[in-house]
Amino acid sequence: MDSGSAAKWIGAGLLLLLVGLLYWPALDGDFLTWDDNTSIYENAYLGGLNGSRIEWAFTDTTQSLRYMPLSWLAYSAIFELGGLNPWYYHAANVAVHLANAVLLYFALRRILRFVRPDAEARWSEIGAWFAAAIWAAHPLRVEVVAWALPLTYALTWCALLVTLHFCLAALSSGRRIWKIATVVAYTIALLIYPIGISAWLAFAVLAAWLARKSTPDAPARQWKWIFVLAVPAIASAGLAVWIRWHGAGHWNPPLTLAQFGVAQRAAQAAYAWAYYVGSPFRVIGASPIYGSLLEVNPMGARFVFAGVVVVAGSAVAWTIRRRSGGFGAWWLATLALALPALGLTEHPFFTSDRYTGLIGIVFAIGMIGAWAGVASARIQRVIALVACAALVGCALLAERQIGFWRSTETLFRHVAETAQHPTVLAEAHFRLGTVAEDAGSYDVAKKEAVTGLALDPSHRNLKMLLERVSLPPPPIRRAANTQLELARFALQLGDTWTAQAHFRRAVALDPGAIEPRVRLALLLVGTGEPREALAHFSWAERRKHDGTNALFYTSLEESARRRGDTALAEAARRARERESSVVGRPAPGSVPVHRI
């Protein structure tokens, strides 16, 4: 192994260690009632991988505003491993983020061979490592890594980074196989989530910039084939537009121009553009929801300033394009990547930190281009110290953010303490109210609903929450009851594994409820797991004596005998006889488990 290869793998190992230690606490996070519920643990269509679920993933236009079949299959694959245990979903996010950090590091090393072939090798290696590490540890990455649902973003970044590697291989060799691989990888990225529908423009800008750095006879000079990526991008964009206007979900229809005019849309887009351009420099104040665009006034100071930034920055990039092509390439690529996140068809619209990952990758490319151009040893030492400080600062701020994303309560308690806009504050109190409702703390939920309605009297969900918690409390908490309903739906479809996952989730949400444990125990008996079933039913037996217990012990005895577990079968027989004497009637025969 040569010194360059050894440095590459040592750098990758250190990067994995750093990022792994930073995001390890995210594994203890729970699901959030912030889209995790509707898309994962209350999604009746999500379950293990099978033919009908694969068909649903590629044909659904109701569960999401975006066409994302490969994301649904990724969630189903995780479900196949761990059901509705949130640890598995967080572990998948952390694992993909680790892969993305290493992929970015390797890509930056390859790009340096184009833009700075004469730079000192060790200095370039250090620059590539710091750029990748700062991207991975940036506080704005936390939303994607520490929240279960945005696995779809992490997977999209991964596919686009693979696309970048194939693109660089094609530019350096000119071989057709790498060009085909680039198109295939980009298409896969769009099928995961279409946030990259304008990434082909960024690839074209990057390729044009690299071509200028190459010798006249280098393969990189032939870069215009990249425009073929526009074909899958246009198809994906057309499908996204069709779903937005014709999807059969519960989404509000897009606003007309009469409802939200051209000037307002342009002002909103300019603000979002400026926000994403500056996102790599913003390391504090991260939140799951911002209220900056709830009211859009095209003549407002912040919207005018955002428009000036976008126009002036574009003018500067064009003016100095020949003298400083790197700045122009970075600026145009950033604007291109932000196109899908401008909210041109939506209002109210929210800028979100999960959209900044691709912007950060472009910033990292620009960073190492500037880094490798520094030749003075004294300046190099200063820059290295600054990079160390930036990395440490990012890591500390990210660690704090990870703590906020541990649960719905910790996240929206943070929002309630830091948000300024009354609508955002009302939403935070609504989320805190649902947490209290799910926990059976109806007085606390009512207090949160009243507080939220005082801030935003028109908040429909808060009104519904107040109405629910003002009624007599149900015998089973709302969240656990939802899981029971989803389990029944799964049993109707014959999907016992999905039903079992929902029963387990119900037990976790309401450990003191008897019904979820009884139903889980009966299902476990029918699926050949009698000893675990006995543990759940023994708990329930201490709190309840009726004919259901006798039914369980009859089924348990039969299951144990079929498995050859005579000790358990005999224990079940004695328990059945004891239960029959308690309720004063003979033990009934066994009942089909699938009728639960």
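All values reported here derive from a predicted model rather than from experimental measurement. Just so you know, the residues in each chain are numbered from 1, in the order the chain's sequence is written. Since the coordinates come from a predicted model, pLDDT governs what is reported: local features require at least 70, and pairs of side-chain atoms require 80 or more to be given and counted, while whole-chain, interface and lining totals use all residues. In computing side-chain properties, one takes all heavy atoms of the structure into account and sets aside hydrogens as well as water.

Quick look at the overall build of the chain
Consideration 1: Labels follow the DSSP assignment, with helices taken as runs of H or I lasting at least four residues and strands as runs of E lasting at least two, numbered in each case from the N terminus. Across its full length, the chain carries 26 helices and zero strands.
Consideration 2: Per-residue burial for the chain yields a buried fraction of 54% across its 596 residues.
Consideration 3: The contact rule is simple, with two residues in contact once any of their heavy atoms fall within 4.5 Å. Long-range contacts, defined here as pairs at least 24 residues apart, represent 72% of the contacts in the chain between residues at least 6 apart.
Consideration 4: Only carbon and sulfur atoms are counted for the fraction: they give 63% of the accessible area of the chain, which is about 26600 Å². Throughout, exposure labels follow a simple rule: accessible area from a 1.4 Å probe, protein chains only, divided by the maximum for the residue type, with under 20% read as buried, over 50% as exposed, and the rest as partly exposed. For every accessible area listed, the method is Shrake-Rupley and the probe measures 1.4 Å; residues are considered covered only by the protein chains on display.

Considerations on the packing of helix H22 (residues 496-509) against helix H23 (residues 514-526)
Consideration 1: Put simply, H22 and H23 touch, their axes get as near as 9 Å, and they point 150 degrees apart. Relative to H23, the element H22 lies roughly antiparallel. In this structure, the crossing between H22 and H23 has a hand that is left-handed. Residue-level inspection shows Thr-496, Ala-499, Gln-500, Phe-503, Arg-504, Ala-506 and Val-507 of H22 in contact with H23, the latter providing Pro-516, Arg-517, Arg-519, Leu-520, Leu-523 and Leu-524.
Consideration 2: Residues were grouped as follows: Ala, Val, Leu, Ile, Met, Phe, Trp, Tyr, Cys and Pro as nonpolar; Asp, Glu, Lys and Arg as charged; and all remaining residues, including Gly, as polar. Classifying every residue of the contact of H22 with H23 by side-chain character gives eight nonpolar, two polar and three charged. Every axis in this analysis is a line fitted to C-alpha atoms, fitted for helices over the stretch in contact. Angles between the N-to-C directions lie between 0 and 180 degrees. Here is the rule for angles: anything less than 35 degrees is roughly parallel, anything more than 145 is roughly antiparallel, 65 through 115 is roughly perpendicular, and the remaining ranges are oblique. By definition, turning the near helix anticlockwise from the far helix through less than a right angle yields a left-handed crossing, and turning it clockwise yields a right-handed one.

Remarks on the pattern of salt bridges
Once the charged atoms of two side chains with opposite charge are near each other, the side chains can pair.
Consideration 1: Definition used for salt bridges: Asp or Glu carboxyl oxygen within 4 Å of a side-chain nitrogen of Lys or Arg. For the structure shown, the criterion picks out 14 salt bridges.
Consideration 2: For the salt bridge of Arg-354 with Glu-143, the shortest nitrogen-to-oxygen distance reads 2.7 Å. Taken together, the positions of Arg-354 in the loop between helix H14 (325-338) and helix H15 (356-372) and Glu-143 in helix H7 (residues 142-146) put the pair 211 residues apart, joining distant regions of the chain.
Consideration 3: On the basis of relative accessible area, Arg-354 is assigned to the buried category, the value being 16%.
Consideration 4: By relative accessible area, which is 3% here, Glu-143 ends up buried.
Consideration 5: Salt bridges here are not isolated pairs; linked through shared partners, they connect Glu-437, Asp-438, Arg-468 and Arg-478.

Quick look at the packing of aromatic side chains
Consideration 1: Two aromatic rings, drawn from Phe, Tyr or Trp (for Trp, its six-membered ring), form a pair once their centres lie within 6.5 Å of each other, and the interplanar angle then sorts them: stacked below 30 degrees, edge-to-face above 60, tilted otherwise. Per the counting criterion, the structure on display carries 32 aromatic pairs.
Consideration 2: Taken together, the aromatic side chains of Tyr-153, Tyr-193, Tyr-275, Tyr-276, Tyr-290 and Tyr-355 make up a single cluster linked through ring pairs.
Consideration 3: Any Lys NZ or Arg CZ that is within 6 Å of a ring centre and within 35 degrees of that ring's normal is treated as a charge sitting over the ring. Residue placement shows Arg-354 over the ring face of Tyr-355; its charged tip is 5.7 Å from the ring centre.
Consideration 4: It is Arg-505 that lies over the ring of Tyr-41; its NZ or CZ is 4.8 Å from the centre.

Digging into the environment of Tyr-67
Consideration 1: The topology assignment puts Tyr-67 in the loop between helix H3 (51-59) and helix H4 (69-82).
Consideration 2: Polar contacts involving the side chain of Tyr-67 include one to the main-chain carbonyl oxygen of Phe-58, which spans 2.8 Å. Think of a polar contact as two N or O atoms within 3.5 Å of one another; within protein, one of them needs to be a possible hydrogen donor and the other a possible acceptor, and neighboring residues in sequence only count if both atoms come from side chains.

Considering a nonpolar patch on the surface
Consideration 1: Together, Ile-10, Leu-14, Leu-17 and Leu-21 give the surface a local cluster of nonpolar side chains, amounting to about 430 Å² of exposed area.
Consideration 2: What makes Ile-10 exposed here is its relative accessible area of 54%. Each patch is built from residues that are more than 30% exposed by relative accessible area and take part in no salt bridge. Like charges join if they lie within 9 Å; nonpolar side chains (Val, Leu, Ile, Met, Phe, Trp, Tyr) join within 5 Å.

Focus: unusual backbone geometry
Consideration 1: A cis amide bond, omega 0 degrees, links His-347 with the succeeding residue Pro-348.
Consideration 2: For Pro-348, the position within the fold is in the loop between H14 and H15.
Consideration 3: Notably, Asp-35 is not glycine yet its phi reads approximately 80 degrees, a positive angle.
Consideration 4: Relative to the assigned elements, Asp-35 resides in the loop between helix H1 (3-23) and helix H2 (36-41).
Consideration 5: The class for Asp-35 is partly exposed, based on a relative accessible area of 35%.

Focus on the nonpolar core
Consideration 1: Membership of the largest hydrophobic core comes to 153 residues, with the highest contact counts inside it found for Ile-40, Tyr-89, Leu-108, Tyr-186 and Leu-210.
Consideration 2: When residues of this core are assigned to their parent elements, the largest contribution, 18 residues, is made by helix H5 (residues 86-115).
Consideration 3: Counting 16 residues, the second largest nonpolar core, distinct from the first, contains Ala-490, Phe-503, Ala-521 and Ala-533. As used in this record, nonpolar core signifies buried Ala, Val, Leu, Ile, Met, Phe, Trp, Tyr and Cys residues forming a set joined through side-chain atoms within 4.5 Å.

Brief notes about the side chain of Thr-152
Consideration 1: Relative to the helices and strands, Thr-152 is located in helix H8 (residues 151-173).
Consideration 2: In this structure the side chain of Thr-152 is engaged in a polar contact, spanning 2.5 Å, whose partner is the side chain of Ser-71.
Consideration 3: Setting aside its immediate chain neighbours within four residues, Thr-152 contacts Met-68, Ser-71, Tyr-75, Ile-192 and Tyr-193.

Notes on the side chain of Thr-351
Consideration 1: Mapped onto the elements, Thr-351 comes out in the loop between H14 and H15.
Consideration 2: Owing to a relative accessible area of 3%, Thr-351 belongs among the buried residues under this scheme.

Digging into the environment of Arg-282
Consideration 1: Relative to the elements of secondary structure, Arg-282 occurs in the loop between helix H12 (262-278) and helix H13 (301-319).
Consideration 2: For the pair formed by Arg-282 and Leu-140, sequence separation is 142 residues and the distance between their alpha carbons is 8.1 Å.

Here we look at the environment of Leu-190
Consideration 1: Relative to the assigned elements, Leu-190 resides in helix H9 (residues 176-192).
Consideration 2: The exposure class assigned to Leu-190 is buried, which follows from its relative accessible area of 5%.
Consideration 3: Between the alpha carbons of Leu-190 and Met-68 there is a distance of 7.8 Å; along the sequence they are 122 residues apart.
Consideration 4: When neighbours within four sequence positions are excluded, Leu-190 is seen to be in contact with Tyr-67, Gly-196, Ile-197, Pro-232, Ala-233 and Ser-236.

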